[in-house]
Amino acid sequence: MTISNLLKGHEKDLGGGFVVRRYLPSSVKQAVGPFIFFDHFGPVDVPLDADHDVRPHPHIGLSTVTYLFEGAMDHRDSIGSVQRIEPGAINWMTAGRGIVHSERTPKDLVGKPHRTHGLQLWAALPLAHEEDEPGFCHTPAGDIPEFNVDGARVRVLVGAAFGKTSPVKTYSQTLYLDVTLKAGHELALSSLPAEAAIYPITGELAIDGTPLALHTMALLDTASTQLVKAGSDAQFVVIGGEPLDGHRFMSWNFVSSSKERIVKAGEDWEAQRFDKVPGETEFIPLPAKKPLA
């Protein structure tokens, strides 16, 4: 069986009518490789009066991985990074022991017609790096390897595939591909990492003859080569990597191998002991306490 399981995901409103489809974590599987969180937002025409800004909020124990197909956002964080995020670039923010960041609509797009579409992933940090110093790395679209293979246009966002390697630095074996496949063409995916999944962005896909519906993530049996065929022009991403080194607990924006560490992070946020984002005065309050997952 090529597809070991299917994840349907669920919709979640992040506020201001900004709705995402969330696939990880799930009750079926907490993570695929290091990826412990997977949100797909858009494509959507942003209303002129929309407020999709994400005010300053904290993270620990993870790296955020932001990738846009359309639109733009302004990233600011507590280590002083200021970066406009645009389609095709990879933005990798490592929280480690703790970081605070905001994601806002660029001023030149406020009140103007525009579209937004992208993916927000989190990669849980290996145990040895959970408390690393925070950091931020922007890799422009032009620095991402992009090439044609058997009717497919492949971008190696993170990791290595088809003899090409992304310049994005990671803490463990990680794979993240953006693939555009022409109708009627097939692409063979071989030598995948121990854990991998395919998520269609647009179009009709089949994996070894099994159709894969939109808004569905397919967990793969990586022991064999996967043959992906497009019934129409299609776009999909492949994610994966080596399995996490143990279970992670998650609460709000915090990820850790230790429940106590997450409790402390919440207390530190409530007491405003995290570093501030320069120029920001707003923040998102700690949500009501929920059981740790």
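Our subject is the structure that appears above.
Residues numbered from 1 in each chain as written. Predicted model: local features only at pLDDT ≥ 70, side-chain atom pairs only at ≥ 80, totals over all residues. Heavy atoms only, no water.

Peer 1: Can you break down the overall build of the protein chain residue by residue, with the values?
Peer 2: If you tally the helices and strands in the protein chain, you get 1 helix and 26 strands. For 293 residues, the compact-globule formula gives about 19 Å, and the C-alpha radius of gyration of the protein chain, at 19 Å, lands near that figure. Expressed along its principal axes, the backbone C-alpha trace of the protein chain runs to roughly 55 × 45 × 30 Å. Taking all 293 residues of the protein chain together, 51% fall into the buried category. (Helix = DSSP H or I, 4+ residues; strand = E, 2+ residues; numbered from the N terminus. Rg over C-alpha atoms; globule rule 2.2 N^0.38 Å. Buried < 20%, exposed > 50% of the residue type's maximum accessible area, 1.4 Å probe, protein only.)

Peer 1: I'd love a proper account of the side chain of T94, names of residues and values included.
Peer 2: Among the secondary structure elements, T94 is positioned in strand β9 (residues 90-94). At 3.4 Å, the side chain of T94 forms a polar contact with the side chain of W92. Once residues lying within four places of it in the same chain are set aside, the contact partners of T94 are L62, S63, I99, L125, E133, P134, G135 and Y171. (Polar contact = N/O pair within 3.5 Å; in protein donor to acceptor, adjacent residues only side chain to side chain. Contact = heavy atoms within 4.5 Å.)

Peer 1: Give me the environment of T222: which residues, what numbers.
Peer 2: Here T222 is to be found in the loop between β22 (217-220) and β23 (226-230). What T222 contacts, discounting residues up to four positions off in sequence, is L192, P193, A194, E195 and A196. For T222, the side chain forms a polar contact with the main-chain oxygen of A194, separated by 3.0 Å.

Peer 1: Give a description of helix α1 (residues 259-270) that names residues and reports values.
Peer 2: Taking 1.5 Å per residue as the helical rise, α1 with its 12 residues ought to reach 16 Å, and the 17 Å between its terminal C-alpha atoms agrees with that figure. Taken as a whole, α1 has its buried residues at R261, I262, A265, G266, D268 and W269. The arc that holds every buried residue of α1, seen down its axis, measures 160°, which confines them to one face. Directly after α1, the chain includes Q272, whose backbone phi takes a positive value near 55°. (Expected span 1.5 Å × (residues − 1). Arc of directions from axis to C-beta.)

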